[in-house]
Amino acid sequence: MPTTSEYLLLFRGTQWYKGLSPAEIQKVMSRWRAWYSALQTQGKMKGGLPLLSEGKVISGARGRFVTDGPFSESKEAIGGYFLIGVDSLEEAIDIARQCPGLEHGAVVEIRPVAQECAASEFARQNEGRYANA
Amino acid sequence: MRTLDSSETSEISKTQSSEMPGVVEDLFRREWGKIVATLTRIFGIERLALAEDVVQEALARALQTWPYYGIPENPSAWIMRVARNLALDQARREVRFRNKQEEIAGFFERSFGDPPVAQDEIEDDRLRMIFVCCHPEIPQEAQVALALRTLCGFNVSEIANAFLTSEAAIAKRLTRAKQRIRAARITFEIPAGPELTARLNGVLQTLYLLFNEGYKASGGDRLIREELCHEAIRLTDLVAGHSAGNRPQTHALAALMYLNAARLSARTDSEGHILRLKEQNRSRWDKSMIAKGMFHLAQSAAGTEVSVYHLQAGIAACHCAAPDAKSTNWPQILSLYDRLVELDDSPIVALNRAVAVAHVHGPAAGMSAVKSLRDRRELQSYYLLYAVLGEFEAQLHHAEAAATYFRRALKQTGIASEQHLLRKRLRECEKQMASAVTAS
């Protein structure tokens with residue numbers, strides 16, 4: 001059992017910074033940068049990237065439907081993510097609370113990354129045996 | 001001729017942010033002012049809002065990406081490049097701007113070079129923007145709001161905080177200003193010929209107002225107020241550094257701003273309480289700002305005209321030049337006030353003159369100078385009148401009369417730091433009165 005678990009922090013909302021002044025944007029940006037770097041230094045950052053709000057949504061059998069982003073609910077749209085490795089959900093929550101966008105209306109969603117489930121682990125371990133049978 | 005670089009000013013007058021190595025504290029604001037001005041020239045003054053949207057979006061892109069990828073080597077060029085792409089997108093989308101594409105691309109190309117050849121163009125555009133914001137067709141309070149918005153990158157809530165008014169009121173002022181620009185067909189250009197002098201006077205007056213708004217110690221967030229002073233200085237430097245604005249009067253205004261702003265941080269103690277001039281720790285005065293002020297003062301001496309800015313700068317220079325309160329050249333200050341009251345009949349100037357009179361000829365003379373104030377009625381509700389009278393009475397050892405004035409002054413001001421000083425003075429008087437009673 002690994003002692004750390006992975007969590008995905010999803011930053012929701014791409015409108016919250018629209019009304020900020022240049023000075024505020026710079027302040028939030030530099031705090032966000034400092035936050036990211038600190039997690040890197042502590043070895044907790046497994047990867048993170050910003051997402052543009054344009055894009056496509058594919059659905060339907062064989063991808064019949066291709067619709068345009070940005071997504072109708074811009075409050076829900078994901079603007080970026082961090083993948084972090086920490087000891088507990090509590091620690092992940094503490095980290096998420098430091099998001100500099102929160103005070104301006106950004107929303108952080110924490111999703112634990114699922115461990116490989118028992119059934120598929122069993123299948124993988126026995127893969128060779130069944131193949132040879 | 002360029003006198004001072006605006007980036008130098010902000011470096012000297014402010015401490016660098018430690019949060020962000022490699023990025024100057026006011027970078028986004030500076031870039032905002034520059035790019036908004038240039039895009040406004042390209043898109044047309046009636047599309048000011050479009051220029052603002054483009055720059056806002058460019059800065060938002062920096063917010064979205066720099067935290068992950070780090071700060072670009074040349075942050076300003078990065079923002080410029082993104083703004084160029086967004087402006088080009090806009091030009092492609094709107095039929096009426098199709099012909100602007102070349103102009104946009106051309107301008108930004110020139111601004112990326114090393115040295116950027118577009119430097120002069122940017123300066124011209126910013127000066128054009130200053131002339132638009134300070135156009136006499138726009139009501140003056142709206143001029144200040146517009147300048148803070150378009151040139152300094154303040155948003156509505158920041159302007160409202162600075163002026164202790166509601167966001168709705170500021171939004172209304174901005175809307176009205178933009179309507180005036182359209183209705184009066186204000187053009188985006190630097191005035192020339194005989195018009196220039198009158199328009200330049202308007203610009204200086206608005207910048208002076210902006211500075212005063214920040215300088216006066218009345219309520220509100222101290223840091224925001226100091227920022228107003230720094231922005232006013234930055235804009236005045238810009239005007240003084242441009243051939244169209246490089247006049248003795250402009251330098252006099254710059255001198256008065258530097259020489260007063262240099263003493264800003266020494267004006268209050270660690271708890272934010274007001275310190276009187278004689279109580280201030282003069283080693284906390286900003287020496288580099290004083291030096292710049294003196295430099296501008298020297299520049300302002302060209303020509304024969306003596307403006308109110310010259311006289312006020314001269315008075316501030318007398319204070320800055322004195323190593324301690326005792327060695328202040330009060331006779332010189334009084335003679336400057338004597339000339340100032342001839343140009344400016346405001347009762348507040350006359351009240352300040354009375355203080356100088358008291359320093360030169362004693363408190364009784366100061367008292368009669370106040371009593372002979374022509375427009376004393378206008379001052380009836382002005383707390384400083386009573387504070388000054390209280391000081392004079394206290395110096396004359398009339399503790400009871402002084403206490404009465406200080407109490408009256410206390411009633412007239414709602415500002416905590418002013419009240420604190422007045423209460424302190426009142427207590428001192430009451431102590432004197434008590435000991436006088438014991439003695440007799």
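Concerning the overall build of chain A
Link 1 in the chain: Helix and strand content of chain A: four helices and six strands.
Link 2 in the chain: Along the chain direction, N to C, the helices and strands of chain A fall in the order β-α-β-β-β-β-α-β-α-α.
Link 3 in the chain: Per-residue burial over chain A gives 32% buried out of 133 residues.
Link 4 in the chain: Across chain A, contacts joining residues at least 24 apart in sequence account for 75% of those joining residues at least 6 apart.
Link 5 in the chain: For chain A, the computed accessible surface area is about 8,300 Å², with 54% contributed by carbon and sulfur atoms.

Here's the deal with the overall build of chain B
Link 1 in the chain: Counting secondary structure elements, chain B contains 20 helices and zero strands.
Link 2 in the chain: Radius of gyration (C-alpha) of chain B: 25 Å, near the 22 Å computed for a compact globule of 440 residues.
Link 3 in the chain: Principal axes of the C-alpha set define a box for chain B whose edges measure 90 × 50 × 40 Å.
Link 4 in the chain: Looking at the 440 residues of chain B, the share that counts as buried comes to 55%.
Link 5 in the chain: Look at the contacts in chain B between residues 6 or more apart in sequence, and 66% of them connect residues 24 or more apart.
Link 6 in the chain: When the accessible surface of chain B is split by element, carbon and sulfur atoms take 51% of a total near 19,700 Å².
Link 7 in the chain: Computed over 55 positive and 53 negative side-chain charges, the separation of the two mean positions in chain B equals 4 Å.

A word on the sheet that holds strand β2 (residues 45–50) of chain A
Residues and elements named next belong to chain A.
Link 1 in the chain: Read across the sheet, four strands follow the order β2-β5-β1-β6 without closing on themselves; strand pairing throughout is antiparallel. Looking along the sheet, the strands with just one partner apiece sit at the ends: β2 and β6 (107–112). Across the sheet, the mean angle separating the axes of adjacent strands is 15° when strand polarity is ignored.
Link 2 in the chain: Examined bridge by bridge, strand β1 (residues 5–12) and strand β5 (residues 78–86) share eight bridges and lie antiparallel to one another.

Here's the deal with the packing of aromatic side chains
Link 1 in the chain: Within the structure shown, the criterion is met by 15 aromatic pairs over all chains.
Link 2 in the chain: Taken together, a centroid distance of 5.1 Å and an interplanar angle of 80° make the contact between Trp66(B) and Trp78(B) edge-to-face. With a gap of twelve residues between them, Trp66(B) in helix α3 (residues 48–69) and Trp78(B) in helix α4 (residues 75–93) connect regions that are remote in the sequence.
Link 3 in the chain: Note on Trp78(B): relative accessible area 24%, which makes it partly exposed.
Link 4 in the chain: Grouped by ring-pair contacts, the aromatic residues Phe11(A), Trp16(A), Tyr17(A), Trp32(A), Trp35(A), Tyr36(A), Phe82(A) and Tyr68(B) constitute a single cluster.
Link 5 in the chain: In this structure, Arg263(B) packs its charged tip against the face of Trp285(B), placed 5.6 Å from the ring centre.
Link 6 in the chain: Taking the ring centre of Tyr215(B) as reference, the NZ or CZ of Arg267(B) above it sits at 4.4 Å.

Observations concerning the pattern of salt bridges
Link 1 in the chain: All chains considered together, the criterion is met by 32 salt bridges over all chains.
Link 2 in the chain: In this structure, Lys18(A) and Glu57(B) form a salt bridge, with 3.6 Å as the shortest nitrogen-oxygen distance. On the criterion of chain membership, the pair formed by Lys18(A) in the loop between β1 and α1 (22–41) and Glu57(B) in helix α3 is interchain, its members lying in two chains.
Link 3 in the chain: Counted as one network, the salt bridges with shared partners bring together Asp26(B), Arg29(B), Arg30(B), Glu158(B), Glu227(B), Glu231(B) and Arg234(B).

Describing the interface of chain A and chain B
Link 1 in the chain: On the side of chain B, 27 residues touch chain A, which itself brings 27 residues to the contact.
Link 2 in the chain: Around 2,300 Å² of area is buried between chain A and chain B when both sides are counted, 62% of it from carbon and sulfur atoms.
Link 3 in the chain: Per-residue buried area on chain A facing chain B is highest for Pro22(A), Gln26(A) and Met29(A); these three make up 28% of the total on that side.
Link 4 in the chain: There are one salt bridge connecting chain A and chain B.
Link 5 in the chain: Summed over the shared surface of chain A and chain B, the result is ten residue pairs in polar contact (both at pLDDT 80 or more).
Link 6 in the chain: Of all the secondary structure elements, the ones that give two or more residues to the side of chain A that touches chain B are α1, β2 and β5 of chain A.
Link 7 in the chain: When residues of the side of chain A that touches chain B are assigned to their parent elements, the largest contribution, 13 residues, is made by α1(A).
Link 8 in the chain: Among the residues making up the side of chain A that touches chain B, the classes are represented as 16 nonpolar, six polar and five charged.

Considering α4(B)
Link 1 in the chain: In this model α4(B) runs 27 Å from its N-terminal to its C-terminal C-alpha over 19 residues, within 8% of the 27 Å that 1.5 Å per residue would give.
Link 2 in the chain: If you check which residues of α4(B) are buried, you get Pro75(B), Ala77(B), Ile79(B), Met80(B), Val82(B), Ala83(B), Arg84(B), Leu86(B), Ala87(B), Leu88(B), Gln90(B) and Ala91(B).

Re the confidence of the model for chain B
Residue and element names in this part refer to chain B.
Link 1 in the chain: Of all residues in chain B, 91% have pLDDT values of 70 or greater, and the mean over the chain is 87.
Link 2 in the chain: Per-element confidence in chain B is highest for helix α12 (residues 248–261), whose mean pLDDT is 97, and lowest for helix α1 (residues 6–13), whose mean pLDDT is 37.
Link 3 in the chain: Counting interchain partners and residues more than four positions distant, the pLDDT-below-50 stretch residues 1–18 has 43 contacts.
Link 4 in the chain: For this predicted complex, the interface score ipTM comes out at 0.85, while the overall pTM is 0.82.

Notes on the packing of α1(A) against α3(B)
Link 1 in the chain: Closest axis-to-axis distance for the α1(A)/α3(B) pair is 8 Å, and the angle between their directions is 10°. Judged by the inter-axis angle, α1(A) sits roughly parallel to α3(B). The segment α1(A) lies against α3(B), with Pro22(A), Ile25(A), Val28(A), Met29(A), Trp32(A), Arg33(A) and Tyr36(A) engaging Gln56(B), Leu59(B), Ala60(B), Ala62(B), Leu63(B), Trp66(B), Pro67(B), Tyr68(B) and Tyr69(B).
Link 2 in the chain: Considering only residue class, the contact of α1(A) with α3(B) consists of 14 nonpolar, one polar and one charged.

So, the packing of helix α6 (residues 119–133) of chain B against helix α10 (residues 194–215) of chain B
All names here are of chain B.
Link 1 in the chain: Following both chains from N to C, one finds α6 and α10 inclined at 80°, their axes separated by 9 Å at the closest point. Taken together, the axes of α6 and α10 are roughly perpendicular relative to one another. Side by side, α6 and α10 meet where Ile-130, Phe-131 and Val-132 of the first sit next to Leu-196, Arg-199, Leu-200 and Val-203 of the second.
Link 2 in the chain: A class-by-class count of the residues in the contact of α6 with α10 yields six nonpolar, no polar and one charged.

Rules used in this analysis
Residues numbered from 1 in each chain as written. Chains lettered and ligands numbered in written order. Predicted model: local features only at pLDDT ≥ 70, side-chain atom pairs only at ≥ 80, totals over all residues. Heavy atoms only, no water. Helix = DSSP H or I, 4+ residues; strand = E, 2+ residues; numbered from the N terminus. Buried < 20%, exposed > 50% of the residue type's maximum accessible area, 1.4 Å probe, protein only. Contact = heavy atoms within 4.5 Å. Areas by Shrake-Rupley, 256 points an atom, 1.4 Å probe, with all protein chains shown as cover. Rg over C-alpha atoms; globule rule 2.2 N^0.38 Å. Lys, Arg positive; Asp, Glu negative; His and termini not counted. Charge placed at Lys NZ, Arg CZ, Asp CG, Glu CD. Pairing = 2+ DSSP bridges. Axes fitted to C-alpha atoms, helices over the stretch in contact; angles between N-to-C directions. Phe/Tyr/Trp six-rings, centres within 6.5 Å; stacked < 30°, edge-to-face > 60°. Lys NZ or Arg CZ within 6 Å of the ring centre and 35° of its normal. Salt bridge = Lys/Arg side-chain N within 4 Å of Asp/Glu carboxyl O. Buried area = accessible area lost by both parts, 1.4 Å probe. Polar contact = N/O pair within 3.5 Å; in protein donor to acceptor, adjacent residues only side chain to side chain. Nonpolar A, V, L, I, M, F, W, Y, C, P; charged D, E, K, R; others polar. Expected span 1.5 Å × (residues − 1). pLDDT = per-residue confidence, 0-100. Parallel < 35°, antiparallel > 145°, perpendicular 65-115°, else oblique.

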